[in-house]
Amino acid sequence: MDRFKLRKAEPKDVPDILRLIKELAKYEDMEDQVILTEKDLLEDGFGDHPFYHCIVAEVPSEKQSNNAPVVIGFAMYYFTYDPWIGKLLYLEDFFVMEEYRGKQRFGIGSEILKLLSHTAVKTRCSSMHFIVAEGNQASIEFYKRRGAADLSLEEGWRLFKIDKSSLLKMSSGPEE
């Protein structure tokens, strides 16, 4: 068997996907912000109209240490539309367990990005967008080596969020 395999996530992968989401959040010192459940992931990603798509990376059992899970990485993405340039592939989350990172080990991250790029081209997307935590210099360099442009520096875009309580307030109350 190959050193690793990339494949489309299946409903049986939901516990591993959530585990990896939590590992990513811990890596970014934000683990207290993960409120998603396995039920949410299952309903939102594997129904008739999925809100996201997911790729998982797995290694064969004989290459694992300490009985670690087979699924060692994931990329969660969806398609969106930009009225200026058309279809986009938006990479929401991308994580490979630390012991499997680096080209000298497996090159899993590079292969995931290659597969996502192929998916974007095949579906006629204009580009792939994503955000990276400002302090995550290793990931910033990983993407830049592959041709990514930092729009926050080049174009001055700012990311905003309207949380659920504000959404509820705006949807039911008069405009201010």
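Source: prediction; values computed, not measured.

Criteria and cut-off values
- Residues numbered from 1 in each chain as written.
- Predicted model: local features only at pLDDT ≥ 70, side-chain atom pairs only at ≥ 80, totals over all residues.
- Heavy atoms only, no water.
- Buried < 20%, exposed > 50% of the residue type's maximum accessible area, 1.4 Å probe, protein only.
- Helix = DSSP H or I, 4+ residues; strand = E, 2+ residues; numbered from the N terminus.
- Pairing = 2+ DSSP bridges.
- Core = buried A, V, L, I, M, F, W, Y, C linked by side-chain atoms within 4.5 Å.
- Contact = heavy atoms within 4.5 Å.
- Salt bridge = Lys/Arg side-chain N within 4 Å of Asp/Glu carboxyl O.
- pLDDT = per-residue confidence, 0-100.
- Lys, Arg positive; Asp, Glu negative; His and termini not counted.
- Patch = residues over 30% accessible without salt bridge, like charges linked within 9 Å, V, L, I, M, F, W, Y side chains within 5 Å.
- Areas by Shrake-Rupley, 256 points an atom, 1.4 Å probe, with all protein chains shown as cover.
- Axes fitted to C-alpha atoms, helices over the stretch in contact; angles between N-to-C directions.

**Student:** In this structure, what is going on with the pairing of strand β4 (residues 86–96)? I would like to understand it.
**Tutor:** In summary, the side chains of a regular strand alternate between the two faces of the sheet. In terms of burial, β4 is largely enclosed, as eight of its 11 residues are buried. By the bridge criterion, 10 bridges tie strand β3 (residues 71–82) to β4 in an arrangement that is antiparallel. Across the sheet, glycine 73 pairs through a bridge with valine 96, a residue of β4. Counted between consecutive antiparallel strands, the loop separating β3 from β4 contains three residues. Here β4 pairs with strand β5 (residues 127–129) via three bridges, running parallel. Its bridge partner lying in β5, tyrosine 90 is registered against histidine 129.

**Student:** How should the nonpolar core be read in this particular structure?
**Tutor:** Considering soluble globular proteins, one finds that nonpolar side chains tend to be buried as a cluster. Ile17, Phe74, Phe94, Ile108 and Leu116 are the most contacted members of the largest nonpolar core, which totals 38 residues. Elements with a contribution of two residues or more to this core: α1 (14–27), β2 (53–58), β3, β4, α3 (108–122) and α4 (137–144). Apart from residues lying up to four places away in sequence, phenylalanine 94 is in contact with Leu24, Phe74, Ala75, Gly109, Ile112, Leu113, Phe142 and Tyr143.

**Student:** Just to check I follow, could you spell out the pattern of salt bridges for this structure?
**Tutor:** Here the idea is simple: oppositely charged side chains can pair when their charged atoms come close. Under the defined criterion, the tally for this structure stands at seven salt bridges. We note a salt bridge from glutamate 10 to arginine 7, for which the minimum N-O separation is 3.9 Å. Of the charged contacts, one joins aspartate 16 and arginine 19 as a salt bridge, the two residues approaching to 3.2 Å between their closest N and O atoms. Taken together, the residues span about one helical turn, with aspartate 16 and arginine 19 both in helix α1 at a distance of three residues. Connected through salt bridges with shared partners, the residues Arg7, Glu10, Lys12, Asp13 and Glu58 form a single ionic network.

**Student:** Before we go on, may I ask you to explain the environment of glutamate 23 in this structure?
**Tutor:** Within the element layout of this structure, glutamate 23 appears in helix α1. The partly exposed category is assigned to glutamate 23, whose relative accessible area is 28%. Between the C-alpha atoms of glutamate 23 and valine 96, which are 73 residues apart in sequence, the distance is 9.4 Å. Not counting the four nearest positions on each side in its chain, glutamate 23 is found in contact with Phe95 and Met97.

**Student:** What's the story with the environment of alanine 25 in this structure? I'm lost.
**Tutor:** Inspection of the secondary structure puts alanine 25 in helix α1. Residue alanine 25 is classed as buried on the basis of its relative accessible area, which comes to 8%. Once the C-alpha coordinates of alanine 25 and phenylalanine 95 are considered, the two residues, 70 residues apart in sequence, prove to be 9.9 Å apart. Ignoring anything within four residues of it in the chain, the contact list for alanine 25 reads Met30, Glu31 and Val34.

**Student:** Whenever I open this one, the confidence of the model for the protein confuses me. Can you help?
**Tutor:** It should be kept in mind that the predicted coordinates are not to be read in detail where pLDDT is low. When pLDDT is averaged across the protein, the result is 88; 90% of the residues are at 70 or more. Looking at the elements of the protein, mean pLDDT is at its lowest for helix α5 (residues 151–154), recorded as 84, and at its highest for helix α2 (residues 38–45), recorded as 97.

**Student:** Can you walk me through the side chain of aspartate 82 in this structure?
**Tutor:** By secondary structure assignment, the location of aspartate 82 is in strand β3. Buried and without a salt bridge, aspartate 82 has lysine 87 as its closest oppositely charged side chain, separated by 14 Å.

**Student:** What exactly am I supposed to notice about a nonpolar patch on the surface here?
**Tutor:** Taken together, the side chains of Trp84, Ile85, Leu151 and Trp157 make up a nonpolar region of the molecular surface, amounting to roughly 490 Å² of accessible area. Examined against the element boundaries, tryptophan 157 turns out to sit in the loop between α5 and α6 (164–172).

**Student:** I keep staring at the sheet that holds β3 and nothing clicks. Help me out?
**Tutor:** Within a sheet, adjacent strands bond to each other through the backbone by hydrogen bonds, running parallel or antiparallel. Taken in spatial order, the five strands make up an open sheet running β1-β2-β3-β4-β5, and their pairing is mixed. What marks the edges here is a single partner per strand, and that holds for β1 (5–8) and β5. Strand-to-strand twist of the sheet, defined as the mean angle between neighbouring strand axes without regard to direction, takes the value 30°. Sitting on the sheet, α1 is in contact with β2, β3 and β4, with an inclination near 85° to β3.

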